[in-house]
Structures are given as structure tokens and as C-alpha cells.
Amino acid sequence: MAGRVNMVLVVLVAASVLHRTAAETYVVGSELSWRVPPNTTAYSTWASAYTFRVGDTLVFNFTTGSHDVAKVTKEAFNACNSSSPLTMLNTGPANYTLNSTGENYFFCAVGSHCSQGQKLSISVSASSSESPASPPGTTSTPSPPPPPSCAPSLAAATFSVIFMSIATGFLW
Ligand SMILES: *[C@@H]1O[C@H](CO)[C@@H](O)[C@H](O)[C@H]1NC(C)=O
Ligand SMILES: *[C@@H]1O[C@H](CO)[C@@H](O)[C@H](O)[C@H]1NC(C)=O
Ligand SMILES: *[C@@H]1O[C@H](CO)[C@@H](O)[C@H](O)[C@H]1NC(C)=O
Ligand SMILES: [Cu+2]
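Everything numeric here is computed off the predicted structure, so don't read it as measured data. Every chain is numbered independently, its residues counted from 1 as its sequence is written. All chains are assigned letters beginning with A, and all ligands numbers beginning with 1, in the order in which they are written. A pLDDT threshold of at least 70 governs which residues receive local features in this predicted model, and a stricter bar of 80 or more applies before side-chain atom pairs are shown or counted, although totals over entire chains, interfaces and linings include all residues. Note that the side-chain values use all heavy atoms of the structure and ignore hydrogens as well as water.

Draft legend 1. Representation of the coordination of the copper ion (ligand 4). Protein-derived coordination of the copper ion (ligand 4) comes from His-67 (ND1), Cys-108 (SG), His-113 (ND1) and Gln-118 (OE1), at a distance range of 2.0 to 2.2 Å. Metal sites are built from N, O and S donor atoms within 2.8 Å, or 3.2 Å for Na, K and Ca, and they leave out water, so they may look incomplete. Under the classification used here, a metal with four donors is tetrahedral if each angle lies between 85 and 135 degrees, square planar if opposite donors are over 155 degrees apart and the others between 65 and 115, a six-donor metal meeting that same test is octahedral, and anything else is irregular. One can describe the site at the copper ion (ligand 4) as tetrahedral: its four donor atoms subtend angles covering 98 to 131° at the metal. Sequence spacing of the donors to the copper ion (ligand 4): H-x40-C-x4-H-x4-Q. Placement of Cys-108 in the loop between β7 (102-107) and β8 (119-125) and of Gln-118 in the loop between β7 and β8 is noted, with a sequence separation of 10 residues between them. An identical accessibility class is assigned to Cys-108 and Gln-118; each is buried. Under the scheme used here, helices are H or I runs from DSSP no shorter than 4 residues and strands are E runs no shorter than 2 residues, and both carry numbers assigned from the N terminus. The buried label goes to any residue with under 20% of its type's maximum accessible area, the exposed label to any with over 50%, and the partly exposed label to all in between, with areas taken from a 1.4 Å probe on protein chains only.

Draft legend 2. Spotlight on the site of ligand 3. Consider each residue's heavy atoms; a residue with any of them within 4 Å of a molecule or strand counts as near. Around ligand 3, a shell composed of Thr-87, Tyr-96 and Asn-99 is seen. Identification of polar contacts relies on pairs of N or O atoms within 3.5 Å, with a donor-acceptor requirement for protein atoms, meaning one able to donate a hydrogen and the other able to accept it, and with residues adjacent in sequence counted only if both atoms are side-chain atoms. Separating an oxygen atom of ligand 3 from a side-chain N or O atom of Asn-99 is a distance of 2.4 Å.

Draft legend 3. Geometry of the sheet that holds β8. Pairing is mixed across the open sheet formed by five strands, whose spatial order is β2-β8-β7-β4-β5. Bordering the open sheet on either side are β2 (52-53) and β5 (87-89), each of which pairs with just one other strand. Where β7 lies against β8, six bridges are found, and the strand directions are antiparallel. In the sheet register, Asn-104 faces β8, and the bridge partner there is Ile-122. When DSSP finds two or more bridges between a pair of strands, those strands are recorded as paired.

Draft legend 4. Main features of the site of ligand 1. Near ligand 1 you find Pro-38, Asn-39 and Ala-42, and these make up its full shell. Within the side chain of Asn-39, an N or O atom sits 2.4 Å from an oxygen atom of ligand 1.

Function-wise, these values are silent; they only describe arrangement.
Right under this line is the structure:
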């Protein structure tokens, strides 16, 4: 009896180690932080290194009053139109926890910062969806890439528990 219980425990512990559900936190722009960038591709280049998921948090690091964060529609994003944002974050640093899949659009509504490139569009995946390898990361960013999806290992672990229970049952 003890052997069977131990084996099941080992599998369950392994499953919990492999199954990382922790949401990621991303500092937007990494060391650039949230400011008027030196070029208009800086934030799209930064975003291309990551796979964003619902539940992950974006940290917009800026000084209150110098910048802000407007979450907007695609149309407003393309036009840098800040007249009716979906969400406004005025206090920096500002955390935004992603809560919807698909494209999410953000820009700074101060002055002409948006048209100068202080804008970020990201593609957000479902939190539990399976994702293959991380996209090729830019070597200029120090942040680690997001962990791989945990779905396959959890399925494998569950199967192992069932299989071992049956197998040890037969041995008795
Ligand atoms: C744009 O600015 C970012 C941030 O400073 C920098 O990493 C990147 O190399 C620049 N890209 C170009 C094309 O100059
Ligand atoms: C924002 O996120 C950072 C990093 O996780 C955390 O240290 C900070 O306390 C958060 N700030 C707020 C206001 O939640
Ligand atoms: C997502 O979060 C924002 C900011 O907290 C909130 O305004 C918005 O209603 C949320 N959307 C959904 C679909 O929960
Ligand atoms: Cu700004």
C-alpha cells in the first residue's frame, strides 16, 4: 500500500513543479521604460520578443504628469486619437493586467508623444492556450522569455497517475 501511495505522490509533486501557472509581469520597453522613444519602432520591437497572455501584467514605468497610458481601440490607436479611451492610467508607474484576448492597444496621450512612437500594440493569447516555442527574442532585452505552456506536462502527469494506479493495482 505504501509503495502505491508514494508513487502517486511523486507524480503529483512532479506535476505541480512542471505546471507553472504564474502570470508574467512585463516592464514595457524594458530599460527604455515608458517615454518618447528614440525611434517609432522601439515598442513594437520590444513587444515582438514576448508572448502575452490574459492574466499577465504590463508595468508602464513613467513619472506621473510627464506621461500617461490610454488603452484605446484600433482606430483610435492608428489615429493617435485620445478623445475617448477605453481605460486611462494617469499615475506612474501604472500596472495593467491583461484581461482580454486579441490585439490590445495603448499609447501616451500627452502632447504628440503617440505620433512620436510612444504607442504599444500587443497580441494577447488566452491564459490556458497551448503555445509552441517562444518567438525569437531580441538580444537587447534582459527580461526572460515567458515560460512554455504547461498544458502538455499536466496532461502527461494526469495520465501517469491513472496508469500507475492501474499498474500497481494489477501487481497486487
Ligand atoms: C530604436 O530604439 C530602440 C530603443 O532605444 C533600440 O533598441 C533600437 O535599436 C532602435 N531601432 C533602430 C532601428 O534604430
Ligand atoms: C505593479 O507591479 C509591480 C511588479 O509586479 C509591483 O512591484 C508593484 O507593487 C505594482 N504596483 C501596484 C500599484 O500594484
Ligand atoms: C479590463 O480591465 C480594465 C482595467 O482594469 C477594465 O476597465 C475593463 O473593464 C476590464 N475588461 C474586462 C473585459 O473585464
Ligand atoms: Cu508620453
